[in-house]
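This is what each chain is made of:
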Amino acid sequence: MATLSNARRVVIKIGSALLVDRDSGSLRADWLAALAQDVVWLKGQGTDVVLVSSGSIALGRGVLGLGLGSLALEQSQAAAAVGQIRLARAYEEALAPHGITTAQVLVTLEDSANRRRYLNSRATLETLLGLGAVPIVNENDTVATDEIRFGDNDRLAAQIAVTVGADKLVLLSDVDGFYTANPADDPTATRFDVIDAITPQIEAMAGDAGSGLSKGGMKTKLMAAKTAVSAGCAMAITDGFCLRPLTALTGGAPSTWFSAQTDPQAARKGWIAAIKPMGTLTLDKGAVAALGRGKSLLPAGITAVTGHFERGDAVAIIGPDGAGIGSGLARYSAAEAGLIKGHQSAEIEALLGYPGRAALIHRDDMAL
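Rules used in this analysis
- Residues numbered from 1 in each chain as written.
- Predicted model: local features only at pLDDT ≥ 70, side-chain atom pairs only at ≥ 80, totals over all residues.
- Heavy atoms only, no water.
- Helix = DSSP H or I, 4+ residues; strand = E, 2+ residues; numbered from the N terminus.
- Rg over C-alpha atoms; globule rule 2.2 N^0.38 Å.
- Buried < 20%, exposed > 50% of the residue type's maximum accessible area, 1.4 Å probe, protein only.
- Lys, Arg positive; Asp, Glu negative; His and termini not counted.
- Charge placed at Lys NZ, Arg CZ, Asp CG, Glu CD.
- Polar contact = N/O pair within 3.5 Å; in protein donor to acceptor, adjacent residues only side chain to side chain.
- Contact = heavy atoms within 4.5 Å.
- Pairing = 2+ DSSP bridges.
- Axes fitted to C-alpha atoms, helices over the stretch in contact; angles between N-to-C directions.
- Parallel < 35°, antiparallel > 145°, perpendicular 65-115°, else oblique.
- Nonpolar A, V, L, I, M, F, W, Y, C, P; charged D, E, K, R; others polar.
- Salt bridge = Lys/Arg side-chain N within 4 Å of Asp/Glu carboxyl O.
- Phe/Tyr/Trp six-rings, centres within 6.5 Å; stacked < 30°, edge-to-face > 60°.

Caption draft 1: Expanded view of the overall build of the protein. Across its full length, the protein carries 14 helices and 13 strands. Here the protein has a C-alpha radius of gyration of 22 Å; the compact-globule value for 368 residues is 21 Å, and the two agree. A principal-axis box enclosing the C-alpha atoms of the protein has dimensions of 65 × 40 × 40 Å. Taken across its 368 residues, the protein has 47% of its residues classed as buried. Within the protein, the 37 negative side-chain charges are centred at a point lying 5 Å from the centre of the 33 positive side-chain charges.

Caption draft 2: Local environment of the side chain of threonine 47. In this fold, threonine 47 is placed in the loop between α2 (29–44) and β2 (48–53). Engagement of the side chain of threonine 47 in a polar contact is seen with the side chain of glutamine 45, the distance being 3.1 Å. The residues contacting threonine 47, other than those within four sequence positions of it, are Ala7, Arg8, Arg9, Val10 and Leu42.

Caption draft 3: Focus on the sheet that holds strand β9 (residues 279–283). The strand order β10-β9-β11-β12-β13 describes an open sheet built from 5 strands, whose pairing is mixed. Across the chains shown, the open sheet's two edge strands, defined by having one partner strand only, are β10 (302–307) and β13 (366–367). When strand β12 (residues 324–329) meets β13, the two strands line up antiparallel, connected through 2 bridges. Bridge pairing links serine 327 to alanine 367 in β13. Packing of helix α12 (residues 285–292) onto the sheet brings it into contact with β9, β11 (314–318), β12 and β13, and relative to β9 it is tilted by some 100 degrees.

Caption draft 4: Structural detail: the pairing of strand β8 (residues 255–258). Side chains Ser255 and Trp257 of β8 all project onto a buried face; the interleaved residues Thr256 and Phe258 project onto the opposite face, where all are buried too. Relative to β8, strand β6 (residues 194–195) runs parallel, the two being bridged by 2 bridges. Within β8, the position partnered with valine 194 by the bridge is tryptophan 257. Judged from the 4 bridges that link them, strand β7 (residues 234–239) and β8 form a sheet pairing that is antiparallel. Counted as the bridge partner of threonine 238 is serine 255 from β8.

Caption draft 5: Structural view of the sheet that holds β2. Taken in spatial order, the 8 strands line up as β3-β4-β2-β1-β5-β7-β8-β6 in an open sheet, and their pairing is mixed. Here the strands that pair on one side only, and so sit at the sheet edges, are β3 (102–107) and β6. Across 5 bridges, the pairing between strand β1 (residues 9–14) and strand β5 (residues 168–173) is parallel. Its bridge partner lying in β5, valine 11 is registered against leucine 169. The strands touched by helix α4 (residues 73–95) are β1, β2, β3 and β4 (134–139); relative to β3, the strand with the most contacts, the crossing angle is about 150 degrees. Contacts from helix α9 (residues 218–230) reach β5, β7 and β8 within the one sheet, and its direction differs from that of β7 by about 155 degrees.

Caption draft 6: Just the packing of helix α7 (residues 153–164) against α9, in detail. It is at 8 Å that the axes of α7 and α9 come closest, and there the two elements cross at 10 degrees. By the angle between their axes, α7 is roughly parallel relative to α9. In contact with Asp154, Arg155, Ala158 and Val162 of α7, α9 contributes Thr220, Lys221, Met223, Ala224, Thr227 and Ala228. By residue class, the composition of the contact of α7 with α9 is 5 nonpolar, 2 polar and 3 charged.

Caption draft 7: How the structure looks around the pattern of salt bridges. Under the defined criterion, the tally for this structure stands at 10 salt bridges. In this structure, arginine 244 and aspartate 38 form a salt bridge, with 3.0 Å as the shortest nitrogen-oxygen distance. Of this pair, arginine 244 sits in the loop between β7 and α10 (245–250) while aspartate 38 sits in helix α2, and the two are 206 residues apart along the sequence. Note on arginine 244: relative accessible area 31%, which makes it partly exposed. In this structure aspartate 38 comes out as buried when scored by relative accessible area, which is 0%. With a closest N to O distance of 3.6 Å, aspartate 167 and lysine 168 form a salt bridge. By the burial criterion, aspartate 167 is buried, and lysine 168 matches it.

Caption draft 8: How the structure looks around the side chain of lysine 13. Examined against the element boundaries, lysine 13 turns out to sit in strand β1. Note on lysine 13: relative accessible area 7%, which makes it buried. In terms of polar contacts, lysine 13 uses its side chain to reach the side chain of aspartate 154, at 3.1 Å.

Caption draft 9: Geometry of the packing of aromatic side chains. All told, the structure shown has 3 aromatic pairs when counted by the stated rule. Between phenylalanine 178 and phenylalanine 192 the ring centres are 6.0 Å apart and the planes differ by 45 degrees, which places this aromatic pair in the tilted class. In this pair, phenylalanine 178 sits in the loop between β5 and β6 while phenylalanine 192 sits in the loop between β5 and β6, placing the two residues 14 residues apart along the sequence. Taken together, a centroid distance of 6.2 Å and an interplanar angle of 75 degrees make the contact between phenylalanine 178 and phenylalanine 258 edge-to-face. Taken together, the residues phenylalanine 178 in the loop between β5 and β6 and phenylalanine 258 in strand β8 connect sequence positions 80 residues apart. Across this residue pair, the class does not change: phenylalanine 178 and phenylalanine 258 are buried. By way of ring pairs, the aromatic residues Phe178, Phe192 and Phe258 are connected into one cluster.

Structural data, given as structure tokens:
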């Protein structure tokens, strides 16, 4: 069974019902303070942490006096605008005393569907994690419409786990795992400790039960699991209402773990290799050797650029003899790559008129 004790990078999804008291609409400050202790523990063992947090609408609707029940889109967006400020401040106040810097990252479905925006999001999150910060991710409910929404933070958390190459995803919920049926309706329902494969039989067991504040039921959690495990990320569903739920999970609290099918790096390389290249980069011998040593592809090692591609598109990488080496996601368009090929990275700003990234293809975005 998977565990958080050896996690390299973990994404934790926090549901609205855990953060916000259903009756009063106020923040559950004691619970958040205890969660901060769990984050400190994870960071202390060298684990990168990303929090995907619901709660902005739930907090905002209480402040605006909107009460429980369905909200019109504009009411939800107004509640989110008010609640996002309070949610970000709450996380900052909980983690700052421990010396942990927090960062608010608001995303929409388009940020993962559009490859260029996906790369921008990934670069931002990677930079924040590299600097030791804890990103607090939420869907940008102030601008997202039904057509461009994830709609629930279970699937958003899974997408963020894929984006940052996490090896563990934890859904803190109001249930303690995945059951053969809804335990609230069927007293004979039993919980799975581990699910190694999401079969049609498993999918048929998922129900739609959820709390009055949350949008995600078990079907959305199963959809999140399918996304996560296919990208090499093991996923757990566990009850988050107890204090320090991540410590409890590691200590053997009831939960369901969905086993990863591969590791995150291998899954990402396979995904990149499967994308149809939109152009070709020809390398000199020195660049080929550098790639063989695990280096990123710098402009200086490129002798020719062909095709029509934009930033984020896949391109084929070939050697000076025309032999295929692999493929990768370009950090520059074909026009930009043509201008900087053969030049040192320090010359990029002078050539393009703005500071650019040193690598034309980063080693993490390359499949050889």
